[in-house]
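In case you want the letters, here they are:
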Amino acid sequence: MKNFSNVIYSLLLVALVLAPFFGAYPVFVMKLMCFALFAAAFNLLLGYTGLLSFGHAAFLGGSAYVAGHAIKVWGLTPELGLLAGTLTGALMGWLFGVIAIRRQGIYFAMITLALAQMMFFVALQAKFTGGEDGLQGVPRGKLFGLIDLSNDLTMYYVALFMVVLAFLLIVRTIHSPFGQVLKGIKENEPRAVSLGYDVSRFKLMAFVISAALSGFAGSLKTLVLGFATLSDVHWTASGQVILMTLVGGLGTLSGPLMGSAVVVLLENKIGELGNFLARLTAVDWFNTLGDSVTMVTGLIFVICVLAFRKGIMGEIIAFFEVRVSQSSARKRFVTQLRETQHGS
């Protein structure tokens, strides 16, 4: 299974490297990568630590505003703007975590939602955010004063490199002793406490890491698109990342990647799909799918909950694990049979 996963990730990386040469729009793929990183960061908290946050939009949007303001108004270089946004996400994660981390279940989720809504109203009222108009005209500038990011193709490969590094950091965190403790806390928190682990400290660290990576995703999104809006910090963005994680597969590394691809493609391409189906079937109703993105997304979520309880990638991984275990059992049986015949 490990070798199979490595092959799949390698093929995905090759596909992303070659995507612009096969007609993919670089800006759209970069937006998709930012949401994939956002979902992967959220999955680190929910899928591996067991903490359901309804306030992750605060880290995505808050960091997006700070990074954009730092680059546009303060004149910081892109790398310093991204760093400022990431540190903002980490700081907000620490503040949110200190307040909410000792609560559990629905109480934890509602506290994070309340704090995120406070952040939304700050973004709505503050002058530097642009209010309802958003923060616009953020220049890409030159990375380290050398690499001109105004070219979409250059920006694409820089963004791909950064997202891959951030994803590798998540992978390393999950497979580290720290990540194993997080899994233990999710599976049996009282036992983790009995073993002497400071559960609250580990949860807070996981929350800060997840918030920092979410902040980096939001900062990179602002650099790519050149603007930050209230939709980045609205509670619907928190619901969107939960949907991405659950549809893709909770507690799997590849699940958030698949979930973000499904949700973002639906939101951006559902109109084109509807027009194609209308031409194919001569049913005019399909032309209205572009205006019913929320309904279609909700329908997809219901189907996944009913038919794919572990998410898309979760079900695929479970299927291959069963096949591998059955194959191993058959091989052991054949070996034992041969040994028995040889002995007789």
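Note on numbering: residues in each chain are counted from 1, in written sequence order. Note on the predicted model: pLDDT of at least 70 is required for a residue's local features to be given, and 80 or more for side-chain atom pairs to be given and counted; whole-chain, interface and lining totals, by contrast, use all residues. The side-chain quantities take in all heavy atoms of the structure and omit both hydrogens and water.

**Student:** Even after reading the chapter, I still don't get unusual backbone geometry, so can you show me in this structure?
**Tutor:** For residues that are not glycine, phi is negative in most cases, and the peptide bond is trans in most cases. Here Phe144, not a glycine, exhibits a phi torsion of approximately 55°, which is positive. Helix and strand assignments come from DSSP, with helices taken as H or I runs of at least 4 residues and strands as E runs of at least 2, each series counted from the N terminus. With respect to the helices, strands and loops of the structure, Phe144 is situated in the loop between β1 (142-143) and β2 (147-148).

**Student:** Quick question: what am I supposed to make of the layout of surface pockets here?
**Tutor:** In this approach, a probe sized like a water molecule rolls over the atoms, and the result shows the empty space that is left. Here a cavity denotes grid points, spaced 1 Å and computed from the protein atoms alone, that fit a 1.4 Å probe unable to get out, and a pocket denotes an open set having protein on both sides within 12 Å along at least 5 of 7 lines; residues with an atom within 4 Å of a point are the lining. Grid points are joined across faces, edges and corners, and a volume is the space filled by probe spheres set on the points. When its volume is computed, the largest pocket comes out at roughly 1500 Å³. Tyr9, Phe167, Leu253, Ser254 and Leu257 are the residues nearest the centre of the largest pocket, which is lined by 48 residues in total. Within the residue set of the lining of the largest pocket, elements represented by two or more residues are α1 (2-18), α2 (26-49), α6 (152-175), α11 (255-281) and α13 (312-343). When residues in the lining of the largest pocket are grouped by element, the largest group, 11 residues, is from α1. Partitioned by chemical class, the residues of the lining of the largest pocket number 35 nonpolar, nine polar and four charged. There is about 480 Å³ of room inside the second largest pocket. Along the wall of the second largest pocket there are 21 residues; nearest its centre are Thr236, Ala237, Gly239, Gln240 and Glu267. Of all the secondary-structure elements, those providing two or more residues to the lining of the second largest pocket are α2, α9 (199-225), α10 (235-248), α11 and α12 (293-307). It is α10 that contributes the most residues to the lining of the second largest pocket, eight residues altogether. Charged means Asp, Glu, Lys or Arg here, nonpolar means Ala, Val, Leu, Ile, Met, Phe, Trp, Tyr, Cys or Pro, and polar covers whatever is left, Gly included. Taken together, the residues of the lining of the second largest pocket sort by class into 11 nonpolar, six polar and four charged.

**Student:** Would you explain the pattern of salt bridges in this entry?
**Tutor:** Two side chains with opposite charge may pair up if their charged atoms get near one another. Each salt bridge in this description consists of a side-chain nitrogen of Lys or Arg and a carboxyl oxygen of Asp or Glu lying within 4 Å of one another. Under the counting rule described, the total for this entry stands at three salt bridges. Arg140 is the partner of Asp152 in a salt bridge, and the nearest nitrogen-oxygen pair spans 2.8 Å. Taken as a pair, Asp152 in helix α6 and Arg140 in the loop between α5 (105-125) and β1 lie far apart in primary sequence, 12 residues in all. We note a salt bridge from Lys203 to Glu189, for which the minimum N-O separation is 3.0 Å. With Lys203 in helix α9 and Glu189 in helix α8 (residues 189-194), this residue pair connects regions lying 14 residues apart in the sequence.

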